[in-house]
Amino acid sequence: MPEKIEPLANGAKEPVHDVAVLGGGSFGSAMAKVLGENGHRVHFWMRDEAQAEEVRTTGINSRYMPGVEIKGDIRPTTDLADAIGKAEIVFVAIPSKAFRTVIRENSSKFRDGQIVVSLTKGIEAHGFKLMSEILLEEIPRCRIGVLSGPNLASEIVNRDLTATVIAAKDPDVRRTVQDLLGCEYFRVYANVDIYGVELAGALKNIYAIVAGLASALDMGENANAMLITRGLAEMSRFAVSLGANPMTFMGLAGVGDLIVTCTSSKSRNFRIGYAVGKGQKLDDAVAELGQVAEGIYTLELVKEKAEAIGIYMPLVRGLYEILYGDASISAVINSLMMSVQNSDVEFILPRTIAE
Ligand SMILES: NC(=O)C1=CN([C@@H]2O[C@H](COP(=O)(O)OP(=O)(O)OC[C@H]3O[C@@H](n4cnc5c(N)ncnc54)[C@H](OP(=O)(O)O)[C@@H]3O)[C@@H](O)[C@H]2O)C=CC1
Ligand SMILES: O=C(CO)COP(=O)(O)O
(Lines give C-alpha, C1' and ligand atoms only; values in the text may rest on other atoms or scores of the structure.)
(Ligands and ions follow the chains in the order given, each with its own letter.)
Protein backbone atom coordinates (compact mmCIF):
# COMPACT_ATOMS: atom_id res chain seq x y z
CA MET A 1 0.00 0.00 0.00
CA PRO A 2 1.22 3.54 -0.72
CA GLU A 3 3.01 5.04 2.26
CA LYS A 4 4.28 8.42 1.25
CA ILE A 5 4.73 10.59 -1.82
CA GLU A 6 8.27 11.27 -2.94
CA PRO A 7 9.74 12.74 -6.12
CA LEU A 8 10.93 10.07 -8.53
CA ALA A 9 14.13 10.07 -10.53
CA ASN A 10 12.05 11.09 -13.55
CA GLY A 11 10.63 14.10 -11.71
CA ALA A 12 7.11 12.69 -11.30
CA LYS A 13 5.53 12.01 -7.93
CA GLU A 14 4.41 8.46 -7.28
CA PRO A 15 3.66 6.48 -4.15
CA VAL A 16 6.67 4.58 -2.87
CA HIS A 17 6.17 0.83 -3.08
CA ASP A 18 7.99 -2.00 -1.40
CA VAL A 19 9.16 -4.37 -4.13
CA ALA A 20 11.33 -7.46 -4.05
CA VAL A 21 13.79 -8.49 -6.74
CA LEU A 22 14.88 -12.13 -6.38
CA GLY A 23 18.20 -12.93 -8.04
CA GLY A 24 21.42 -10.96 -7.74
CA GLY A 25 22.70 -11.47 -11.28
CA SER A 26 22.84 -9.09 -14.25
CA PHE A 27 19.12 -8.76 -14.82
CA GLY A 28 18.14 -8.67 -11.16
CA SER A 29 20.65 -5.83 -10.74
CA ALA A 30 19.30 -3.96 -13.78
CA MET A 31 15.69 -4.18 -12.59
CA ALA A 32 16.63 -3.28 -9.00
CA LYS A 33 18.36 -0.19 -10.40
CA VAL A 34 15.31 0.91 -12.43
CA LEU A 35 13.01 0.37 -9.45
CA GLY A 36 15.39 2.15 -7.07
CA GLU A 37 15.77 5.13 -9.39
CA ASN A 38 11.99 5.27 -9.68
CA GLY A 39 11.87 5.88 -5.94
CA HIS A 40 10.77 2.47 -4.72
CA ARG A 41 12.11 0.53 -1.75
CA VAL A 42 13.83 -2.52 -3.23
CA HIS A 43 14.32 -5.66 -1.16
CA PHE A 44 17.04 -7.18 -3.34
CA TRP A 45 17.58 -10.86 -2.59
CA MET A 46 20.75 -12.73 -3.50
CA ARG A 47 22.10 -15.91 -1.98
CA ASP A 48 25.66 -14.75 -1.36
CA GLU A 49 26.16 -12.68 1.81
CA ALA A 50 29.46 -11.21 0.64
CA GLN A 51 27.75 -9.94 -2.50
CA ALA A 52 24.83 -8.53 -0.48
CA GLU A 53 27.29 -6.76 1.81
CA GLU A 54 29.12 -5.28 -1.18
CA VAL A 55 25.87 -3.91 -2.67
CA ARG A 56 24.83 -2.64 0.79
CA THR A 57 28.06 -0.77 1.41
CA THR A 58 29.14 0.32 -2.08
CA GLY A 59 25.97 0.13 -4.19
CA ILE A 60 27.89 -2.02 -6.68
CA ASN A 61 27.43 -5.66 -7.70
CA SER A 62 30.96 -6.09 -9.01
CA ARG A 63 30.63 -9.70 -10.21
CA TYR A 64 27.65 -9.08 -12.50
CA MET A 65 27.57 -5.29 -13.05
CA PRO A 66 31.06 -3.91 -12.45
CA GLY A 67 31.23 -0.13 -12.17
CA VAL A 68 27.46 0.35 -12.05
CA GLU A 69 25.98 2.01 -8.98
CA ILE A 70 22.55 0.70 -8.05
CA LYS A 71 21.11 3.88 -6.62
CA GLY A 72 18.11 4.56 -4.41
CA ASP A 73 16.61 2.79 -1.43
CA ILE A 74 18.14 -0.60 -2.19
CA ARG A 75 18.07 -3.15 0.62
CA PRO A 76 20.21 -6.15 -0.30
CA THR A 77 19.39 -9.25 1.73
CA THR A 78 20.03 -12.97 1.85
CA ASP A 79 16.77 -13.50 3.76
CA LEU A 80 14.34 -14.49 1.04
CA ALA A 81 11.33 -14.89 3.33
CA ASP A 82 11.87 -11.38 4.66
CA ALA A 83 12.13 -9.89 1.15
CA ILE A 84 8.90 -11.60 0.02
CA GLY A 85 7.16 -10.71 3.27
CA LYS A 86 7.92 -7.01 2.94
CA ALA A 87 7.10 -6.71 -0.75
CA GLU A 88 3.85 -5.75 -2.41
CA ILE A 89 5.23 -6.98 -5.74
CA VAL A 90 7.91 -9.60 -6.35
CA PHE A 91 10.10 -9.76 -9.49
CA VAL A 92 11.91 -13.05 -10.05
CA ALA A 93 15.20 -13.08 -12.02
CA ILE A 94 16.48 -16.53 -11.13
CA PRO A 95 17.81 -18.81 -13.91
CA SER A 96 15.27 -21.39 -15.05
CA LYS A 97 17.28 -24.30 -13.63
CA ALA A 98 16.82 -23.01 -10.07
CA PHE A 99 13.51 -21.18 -10.45
CA ARG A 100 11.07 -23.81 -9.12
CA THR A 101 13.28 -24.82 -6.20
CA VAL A 102 13.61 -21.26 -4.94
CA ILE A 103 9.87 -20.55 -5.29
CA ARG A 104 8.79 -23.91 -3.82
CA GLU A 105 11.05 -23.62 -0.79
CA ASN A 106 9.46 -20.27 0.01
CA SER A 107 5.93 -20.80 -1.29
CA SER A 108 4.33 -20.33 2.13
CA LYS A 109 5.83 -16.83 2.39
CA PHE A 110 3.84 -15.43 -0.55
CA ARG A 111 0.51 -13.77 0.26
CA ASP A 112 -2.91 -14.10 -1.35
CA GLY A 113 -3.18 -11.75 -4.31
CA GLN A 114 0.50 -10.72 -4.19
CA ILE A 115 1.79 -9.82 -7.65
CA VAL A 116 4.68 -12.03 -8.80
CA VAL A 117 6.39 -11.28 -12.11
CA SER A 118 8.85 -13.61 -13.83
CA LEU A 119 11.82 -11.98 -15.58
CA THR A 120 13.36 -15.33 -16.51
CA LYS A 121 13.69 -16.46 -20.15
CA GLY A 122 13.93 -20.20 -19.98
CA ILE A 123 12.06 -23.50 -19.85
CA GLU A 124 12.04 -26.11 -17.09
CA ALA A 125 13.65 -29.38 -18.15
CA HIS A 126 11.03 -31.82 -16.87
CA GLY A 127 7.60 -31.28 -18.38
CA PHE A 128 8.50 -28.32 -20.61
CA LYS A 129 7.09 -25.80 -18.12
CA LEU A 130 7.47 -22.05 -18.51
CA MET A 131 8.18 -19.94 -15.42
CA SER A 132 4.62 -18.57 -15.21
CA GLU A 133 3.35 -22.15 -15.18
CA ILE A 134 5.72 -22.95 -12.33
CA LEU A 135 4.44 -19.90 -10.43
CA LEU A 136 0.84 -20.97 -11.02
CA GLU A 137 1.62 -24.45 -9.73
CA GLU A 138 3.65 -23.39 -6.71
CA ILE A 139 1.85 -20.21 -5.62
CA PRO A 140 -1.60 -20.32 -7.28
CA ARG A 141 -3.02 -17.72 -4.91
CA CYS A 142 -0.69 -15.03 -6.34
CA ARG A 143 -1.37 -12.84 -9.37
CA ILE A 144 1.14 -13.76 -12.08
CA GLY A 145 2.84 -11.72 -14.77
CA VAL A 146 5.73 -12.14 -17.18
CA LEU A 147 8.13 -9.41 -18.29
CA SER A 148 10.02 -9.98 -21.54
CA GLY A 149 11.42 -7.96 -24.42
CA PRO A 150 14.62 -6.62 -25.98
CA ASN A 151 16.24 -5.90 -22.64
CA LEU A 152 20.01 -6.25 -22.50
CA ALA A 153 20.83 -5.64 -18.85
CA SER A 154 24.11 -3.94 -19.71
CA GLU A 155 22.22 -1.27 -21.69
CA ILE A 156 19.42 -0.76 -19.16
CA VAL A 157 21.94 0.04 -16.41
CA ASN A 158 23.37 2.75 -18.72
CA ARG A 159 19.86 4.21 -18.98
CA ASP A 160 19.87 3.48 -22.72
CA LEU A 161 16.35 3.82 -24.15
CA THR A 162 14.57 0.50 -23.72
CA ALA A 163 11.09 -0.98 -24.10
CA THR A 164 9.68 -4.17 -22.65
CA VAL A 165 6.40 -6.08 -22.35
CA ILE A 166 4.36 -7.01 -19.30
CA ALA A 167 2.07 -9.93 -20.04
CA ALA A 168 -0.70 -10.71 -17.57
CA LYS A 169 -4.37 -11.60 -17.66
CA ASP A 170 -5.18 -9.23 -14.80
CA PRO A 171 -5.26 -5.58 -15.99
CA ASP A 172 -4.29 -4.41 -12.51
CA VAL A 173 -1.06 -6.44 -12.74
CA ARG A 174 -0.26 -4.89 -16.12
CA ARG A 175 -0.95 -1.35 -14.93
CA THR A 176 0.97 -1.81 -11.66
CA VAL A 177 4.09 -3.06 -13.45
CA GLN A 178 3.87 -0.24 -16.01
CA ASP A 179 3.64 2.30 -13.18
CA LEU A 180 6.48 0.77 -11.17
CA LEU A 181 9.00 0.39 -13.97
CA GLY A 182 8.12 3.05 -16.52
CA CYS A 183 10.42 6.08 -16.63
CA GLU A 184 12.16 8.35 -19.13
CA TYR A 185 14.41 5.57 -20.44
CA PHE A 186 12.23 2.49 -19.82
CA ARG A 187 8.82 1.93 -21.45
CA VAL A 188 6.54 -0.96 -20.58
CA TYR A 189 4.00 -2.16 -23.15
CA ALA A 190 1.19 -4.56 -22.26
CA ASN A 191 0.07 -7.92 -23.65
CA VAL A 192 -2.36 -10.60 -22.48
CA ASP A 193 -0.71 -13.52 -24.27
CA ILE A 194 1.44 -14.71 -21.35
CA TYR A 195 2.38 -17.97 -23.03
CA GLY A 196 3.44 -16.32 -26.30
CA VAL A 197 5.45 -13.54 -24.64
CA GLU A 198 7.20 -15.96 -22.34
CA LEU A 199 7.90 -18.64 -24.93
CA ALA A 200 9.24 -16.02 -27.37
CA GLY A 201 11.73 -14.85 -24.72
CA ALA A 202 13.00 -18.38 -24.21
CA LEU A 203 13.08 -19.40 -27.89
CA LYS A 204 14.97 -16.37 -29.20
CA ASN A 205 18.02 -17.40 -27.16
CA ILE A 206 18.45 -20.36 -29.52
CA TYR A 207 18.55 -18.11 -32.58
CA ALA A 208 20.95 -15.74 -30.83
CA ILE A 209 23.40 -18.64 -30.63
CA VAL A 210 22.86 -19.34 -34.34
CA ALA A 211 23.45 -15.65 -35.14
CA GLY A 212 26.63 -15.65 -33.07
CA LEU A 213 27.89 -18.62 -35.08
CA ALA A 214 27.07 -16.83 -38.35
CA SER A 215 28.87 -13.71 -37.16
CA ALA A 216 31.97 -15.70 -36.27
CA LEU A 217 31.96 -17.13 -39.78
CA ASP A 218 31.42 -13.67 -41.29
CA MET A 219 28.52 -14.97 -43.33
CA GLY A 220 27.29 -11.51 -44.39
CA GLU A 221 24.27 -9.30 -43.82
CA ASN A 222 21.95 -11.19 -46.20
CA ALA A 223 22.62 -14.35 -44.24
CA ASN A 224 21.96 -12.53 -40.94
CA ALA A 225 18.60 -11.28 -42.22
CA MET A 226 17.74 -14.76 -43.47
CA LEU A 227 18.61 -16.35 -40.14
CA ILE A 228 16.66 -13.83 -38.08
CA THR A 229 13.59 -14.06 -40.30
CA ARG A 230 13.62 -17.84 -40.63
CA GLY A 231 14.24 -18.01 -36.89
CA LEU A 232 11.10 -15.94 -36.40
CA ALA A 233 9.15 -18.25 -38.74
CA GLU A 234 10.40 -21.29 -36.88
CA MET A 235 9.83 -20.00 -33.34
CA SER A 236 6.34 -18.72 -34.14
CA ARG A 237 5.43 -22.03 -35.88
CA PHE A 238 6.46 -23.90 -32.74
CA ALA A 239 4.83 -21.50 -30.27
CA VAL A 240 1.56 -21.24 -32.17
CA SER A 241 1.32 -25.03 -32.27
CA LEU A 242 1.47 -24.92 -28.46
CA GLY A 243 -1.22 -22.24 -28.14
CA ALA A 244 0.60 -18.88 -28.43
CA ASN A 245 -0.93 -16.03 -30.43
CA PRO A 246 1.04 -15.52 -33.68
CA MET A 247 0.60 -11.74 -33.40
CA THR A 248 2.73 -11.68 -30.24
CA PHE A 249 5.71 -12.50 -32.46
CA MET A 250 5.29 -9.18 -34.26
CA GLY A 251 5.79 -7.34 -30.98
CA LEU A 252 8.69 -6.39 -28.73
CA ALA A 253 8.78 -9.74 -26.96
CA GLY A 254 8.89 -11.54 -30.32
CA VAL A 255 10.73 -9.94 -33.19
CA GLY A 256 12.03 -7.15 -30.92
CA ASP A 257 13.94 -9.46 -28.60
CA LEU A 258 15.01 -11.65 -31.51
CA ILE A 259 16.59 -8.66 -33.27
CA VAL A 260 18.53 -7.44 -30.26
CA THR A 261 19.97 -10.79 -29.27
CA CYS A 262 20.74 -11.86 -32.84
CA THR A 263 22.64 -8.65 -33.60
CA SER A 264 24.48 -7.83 -30.39
CA SER A 265 27.63 -9.23 -28.88
CA LYS A 266 26.24 -7.96 -25.55
CA SER A 267 23.94 -11.01 -25.65
CA ARG A 268 25.49 -13.92 -23.73
CA ASN A 269 23.77 -16.41 -26.03
CA PHE A 270 25.19 -14.64 -29.10
CA ARG A 271 28.64 -14.76 -27.47
CA ILE A 272 28.38 -18.52 -26.92
CA GLY A 273 27.55 -19.01 -30.62
CA TYR A 274 30.38 -16.71 -31.63
CA ALA A 275 32.91 -18.59 -29.48
CA VAL A 276 31.82 -21.97 -30.89
CA GLY A 277 31.96 -20.52 -34.40
CA LYS A 278 35.57 -19.52 -33.70
CA GLY A 279 36.36 -23.09 -32.74
CA GLN A 280 35.98 -23.03 -28.95
CA LYS A 281 34.41 -26.05 -27.22
CA LEU A 282 30.92 -25.37 -25.86
CA ASP A 283 31.86 -26.23 -22.27
CA ASP A 284 34.87 -23.91 -22.39
CA ALA A 285 32.78 -21.09 -23.84
CA VAL A 286 30.18 -21.49 -21.08
CA ALA A 287 32.85 -21.58 -18.37
CA GLU A 288 34.51 -18.47 -19.78
CA LEU A 289 31.19 -16.60 -19.95
CA GLY A 290 30.59 -17.07 -16.21
CA GLN A 291 26.93 -16.04 -16.57
CA VAL A 292 23.82 -17.85 -17.65
CA ALA A 293 23.13 -18.48 -21.36
CA GLU A 294 19.69 -20.06 -21.18
CA GLY A 295 19.67 -20.95 -24.91
CA ILE A 296 22.00 -23.91 -24.55
CA TYR A 297 19.48 -25.67 -22.25
CA THR A 298 16.41 -24.41 -24.13
CA LEU A 299 17.85 -25.85 -27.35
CA GLU A 300 17.83 -29.43 -26.04
CA LEU A 301 14.30 -29.12 -24.65
CA VAL A 302 12.87 -27.52 -27.78
CA LYS A 303 14.49 -30.05 -30.10
CA GLU A 304 12.98 -32.88 -28.07
CA LYS A 305 9.56 -31.21 -27.88
CA ALA A 306 9.50 -30.31 -31.59
CA GLU A 307 10.25 -33.92 -32.51
CA ALA A 308 7.60 -35.17 -30.09
CA ILE A 309 4.86 -32.95 -31.53
CA GLY A 310 6.08 -33.05 -35.15
CA ILE A 311 7.03 -29.41 -35.70
CA TYR A 312 9.63 -28.68 -38.38
CA MET A 313 12.51 -26.71 -36.81
CA PRO A 314 15.55 -27.03 -39.07
CA LEU A 315 17.60 -24.31 -37.32
CA VAL A 316 17.02 -25.93 -33.93
CA ARG A 317 17.96 -29.33 -35.34
CA GLY A 318 21.04 -27.95 -37.10
CA LEU A 319 22.30 -26.08 -34.05
CA TYR A 320 21.72 -29.13 -31.88
CA GLU A 321 23.78 -31.26 -34.26
CA ILE A 322 26.62 -28.71 -34.11
CA LEU A 323 26.60 -28.21 -30.32
CA TYR A 324 25.70 -31.68 -29.11
CA GLY A 325 26.27 -33.97 -32.11
CA ASP A 326 29.30 -34.32 -34.29
CA ALA A 327 28.09 -32.39 -37.35
CA SER A 328 30.41 -29.82 -38.87
CA ILE A 329 29.08 -26.28 -39.24
CA SER A 330 29.59 -26.35 -43.00
CA ALA A 331 27.67 -29.63 -43.38
CA VAL A 332 24.72 -28.19 -41.44
CA ILE A 333 24.73 -24.98 -43.47
CA ASN A 334 24.80 -26.97 -46.69
CA SER A 335 21.94 -29.18 -45.63
CA LEU A 336 19.84 -26.14 -44.60
CA MET A 337 20.49 -24.34 -47.89
CA MET A 338 19.75 -27.41 -50.00
CA SER A 339 16.55 -28.46 -48.22
CA VAL A 340 13.18 -28.21 -49.99
CA GLN A 341 12.29 -24.57 -50.78
CA ASN A 342 9.04 -23.62 -49.12
CA SER A 343 6.59 -20.91 -48.03
CA ASP A 344 7.85 -17.53 -46.76
CA VAL A 345 4.98 -16.61 -44.41
CA GLU A 346 3.11 -19.79 -43.69
CA PHE A 347 0.20 -17.95 -42.03
CA ILE A 348 -0.52 -16.65 -45.58
CA LEU A 349 0.71 -19.53 -47.74
CA PRO A 350 0.65 -22.82 -45.85
CA ARG A 351 3.67 -25.08 -46.05
CA THR A 352 2.56 -27.73 -48.47
CA ILE A 353 5.77 -29.53 -49.28
CA ALA A 354 6.99 -32.28 -47.00
CA GLU A 355 10.52 -31.93 -45.65
N1 LIG B 1 21.01 -10.31 -18.42
C2 LIG B 1 20.09 -9.91 -19.30
O3 LIG B 1 20.35 -9.06 -20.17
C4 LIG B 1 18.72 -10.50 -19.24
C5 LIG B 1 18.46 -11.70 -18.59
N6 LIG B 1 17.20 -12.20 -18.57
C7 LIG B 1 16.93 -13.48 -17.91
O8 LIG B 1 17.06 -13.33 -16.51
C9 LIG B 1 17.38 -14.61 -15.94
C10 LIG B 1 18.54 -14.39 -14.99
O11 LIG B 1 19.62 -14.03 -15.80
P12 LIG B 1 20.81 -13.07 -15.37
O13 LIG B 1 20.49 -12.28 -14.17
O14 LIG B 1 21.20 -12.34 -16.59
O15 LIG B 1 21.90 -14.19 -15.03
P16 LIG B 1 23.35 -14.02 -14.43
O17 LIG B 1 24.14 -15.16 -14.94
O18 LIG B 1 23.83 -12.66 -14.63
O19 LIG B 1 23.09 -14.22 -12.85
C20 LIG B 1 22.52 -15.40 -12.38
C21 LIG B 1 21.99 -15.12 -10.98
O22 LIG B 1 21.23 -16.25 -10.55
C23 LIG B 1 21.73 -16.68 -9.30
N24 LIG B 1 21.54 -18.10 -9.13
C25 LIG B 1 22.08 -19.10 -9.84
N26 LIG B 1 21.68 -20.28 -9.33
C27 LIG B 1 20.89 -19.99 -8.27
C28 LIG B 1 20.20 -20.79 -7.33
N29 LIG B 1 20.25 -22.12 -7.37
N30 LIG B 1 19.51 -20.16 -6.36
C31 LIG B 1 19.46 -18.85 -6.31
N32 LIG B 1 20.09 -18.02 -7.16
C33 LIG B 1 20.80 -18.61 -8.13
C34 LIG B 1 23.20 -16.31 -9.33
O35 LIG B 1 23.69 -16.30 -8.01
P36 LIG B 1 25.23 -16.64 -7.67
O37 LIG B 1 26.03 -15.49 -8.19
O38 LIG B 1 25.22 -16.74 -6.19
O39 LIG B 1 25.56 -17.93 -8.39
C40 LIG B 1 23.11 -14.94 -9.95
O41 LIG B 1 22.69 -13.99 -9.00
C42 LIG B 1 17.70 -15.54 -17.13
O43 LIG B 1 16.60 -16.37 -17.37
C44 LIG B 1 17.90 -14.59 -18.29
O45 LIG B 1 17.55 -15.17 -19.53
C46 LIG B 1 16.16 -11.54 -19.13
C47 LIG B 1 16.36 -10.35 -19.78
C48 LIG B 1 17.66 -9.75 -19.92
O1 LIG C 1 17.29 -11.60 -23.06
C2 LIG C 1 18.17 -10.81 -23.24
C3 LIG C 1 17.95 -9.52 -23.92
O4 LIG C 1 16.62 -9.30 -24.19
C5 LIG C 1 19.54 -11.11 -22.77
O6 LIG C 1 20.06 -12.02 -23.64
P7 LIG C 1 21.30 -12.92 -23.20
O8 LIG C 1 20.80 -13.79 -22.08
O9 LIG C 1 21.67 -13.64 -24.43
O10 LIG C 1 22.36 -11.97 -22.73
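Residues numbered from 1 in each chain as written. Chains lettered and ligands numbered in written order. Predicted model: local features only at pLDDT ≥ 70, side-chain atom pairs only at ≥ 80, totals over all residues. Heavy atoms only, no water.

1. Description of the packing of helix α4 (residues 96-105) against helix α5 (residues 131-138)
Closest axis-to-axis distance for the α4/α5 pair is 10 Å, and the angle between their directions is 15°. Between α4 and α5, the angle is such that the two are roughly parallel. The chirality of how α4 crosses α5 is right-handed. Contacts between α4 and α5 pair Ser 96, Phe 99, Arg 100, Ile 103 and Arg 104 from the former with Met 131, Ile 134, Leu 135, Glu 137 and Glu 138 from the latter. (Axes fitted to C-alpha atoms, helices over the stretch in contact; angles between N-to-C directions. Helix = DSSP H or I, 4+ residues; strand = E, 2+ residues; numbered from the N terminus. Parallel < 35°, antiparallel > 145°, perpendicular 65-115°, else oblique. Left-handed = near helix turned anticlockwise from the far one by under 90°. Contact = heavy atoms within 4.5 Å.)

2. What to know about the sheet that holds strand β7 (residues 115-118)
Spatially, eight strands are ordered β5-β4-β3-β6-β7-β8-β9-β10 in an open sheet, and the strand pairing comes out mixed. In this open sheet, the two strands that pair with only one neighbour each are β5 (74-77) and β10 (186-191). Between one strand and the next, the sheet's axes are offset by a mean angle of 25°, whatever the strand orientation. Examined bridge by bridge, strand β9 (residues 162-167) and β10 share six bridges and lie parallel to one another. When the sheet's bridge partners are listed, Ile 166 is paired in β10 with Ala 190. Sheet contacts for helix α1 (residues 26-37): β3 (18-22), β4 (41-45), β5, β6 (89-92), β8 (143-148) and β10; angle to β4, the most-contacted strand, approximately 165°. Together, β7 and β8 form the strand contacts of α5, whose direction differs from that of β8 by roughly 165°. (Pairing = 2+ DSSP bridges.)

3. Remarks on the layout of surface pockets
A volume near 1,200 Å³ is recorded for the largest pocket. If you trace the largest pocket, you find 45 residues lining it, with Gly 25, Ser 26, Pro 95, Arg 268 and Val 292 closest to the centre. At the level of secondary structure, the elements contributing two or more residues to the lining of the largest pocket comprise α1, α4, α6 (153-156), α8 (194-216), α10 (252-263), α11 (268-277) and α13 (295-309). Considered class by class, the residues forming the lining of the largest pocket number 20 nonpolar, 14 polar and 11 charged. Counting the residues that make up the lining of the largest pocket, at least three belong to each of domain 1 (5-192) and domain 2 (202-337). Forming the walls of the second largest pocket are 28 residues, and the residues nearest its centre are Met 226, Arg 230, Leu 315, Leu 336 and Met 337. (1 Å grid on protein atoms, 1.4 Å probe; cavity = no way out; pocket = protein on both sides within 12 Å on 5 of 7 lines; lining within 4 Å. Points joined across faces, edges and corners; volume = space filled by probe spheres on them. Nonpolar A, V, L, I, M, F, W, Y, C, P; charged D, E, K, R; others polar. Domains from an automatic or database assignment.)

4. Observations regarding the domain arrangement of the chain
Once the domains are mapped, the chain shows domain 1 (5-192) and domain 2 (202-337). A separation of 26 Å is found between the C-alpha centroids of domain 1 and domain 2. On the domain 2 side, the residues contacting the 25 residues of domain 1 number 24 residues. Carbon and sulfur atoms supply 65% of the area buried between domain 1 and domain 2, which totals about 1,800 Å² over both sides. The largest contributions to the domain 1 side of the interface with domain 2 come from Lys 121, Phe 128 and Leu 152, which together make up 33% of the buried area. Counting across the interface, domain 1 meets domain 2 through two salt bridges. (Buried area = accessible area lost by both parts, 1.4 Å probe. Salt bridge = Lys/Arg side-chain N within 4 Å of Asp/Glu carboxyl O.)

5. What to know about a nonpolar patch on the surface
A contiguous nonpolar patch, built from Leu 217, Met 219, Met 226, Ile 333, Met 337 and Met 338 and spanning about 540 Å² of accessible area, is present on the exposed surface. If you trace the backbone, Met 226 turns up in helix α9 (residues 221-241). Met 226 gets classed as partly exposed once you look at its relative accessible area, which sits at 37%. (Patch = residues over 30% accessible without salt bridge, like charges linked within 9 Å, V, L, I, M, F, W, Y side chains within 5 Å. Areas by Shrake-Rupley, 256 points an atom, 1.4 Å probe, with all protein chains shown as cover. Buried < 20%, exposed > 50% of the residue type's maximum accessible area, 1.4 Å probe, protein only.)

6. Comments concerning the pairing of β6
Burial along β6 is two-sided: Ile 89 and Phe 91 and Val 90 and Val 92, pointing in opposite directions, are all buried. Looking at chain direction, β6 and β7 are connected through four bridges and run parallel. Paired with Val 90 across the two strands is Val 116, which belongs to β7. Taken together, β6, α4 and β7 form a β-α-β motif whose crossover is right-handed. (Right-handed = clockwise from strand over helix to strand, strands pointing away.)

7. Observations concerning the packing of α11 against helix α12 (residues 282-289)
In the contact formed by α11 and α12, the axes pass within 9 Å of each other and the chain directions differ by 140°. One way to sum up the angle between α11 and α12 is to call them oblique. Where α11 crosses over α12, the handedness of that crossing is right-handed. Where α11 approaches α12, its residues Arg 268, Arg 271, Ile 272, Ala 275 and Val 276 are matched on the opposing element by Leu 282, Ala 285, Val 286 and Leu 289. Residues belonging to the contact of α11 with α12 are distributed by class as follows: seven nonpolar, no polar and two charged.

8. Observations regarding the site of ligand 1
In the vicinity of ligand 1, 22 residues are found, and the nearest of them are Ser 26, Arg 47, Tyr 64, Val 292 and Glu 294. Within the backbone of Gly 25, one N or O atom sits 2.9 Å away from an oxygen atom of ligand 1. At a separation of 2.6 Å, an oxygen atom of ligand 1 approaches a polar side-chain atom of Tyr 64. Classifying every residue of the shell around ligand 1 by side-chain character gives 11 nonpolar, six polar and five charged. Mapped onto the domain boundaries, the shell around ligand 1 takes at least three residues apiece from domain 1 (5-192) and domain 2 (202-337). (Near = heavy atom within 4 Å. Polar contact = N/O pair within 3.5 Å; in protein donor to acceptor, adjacent residues only side chain to side chain.)

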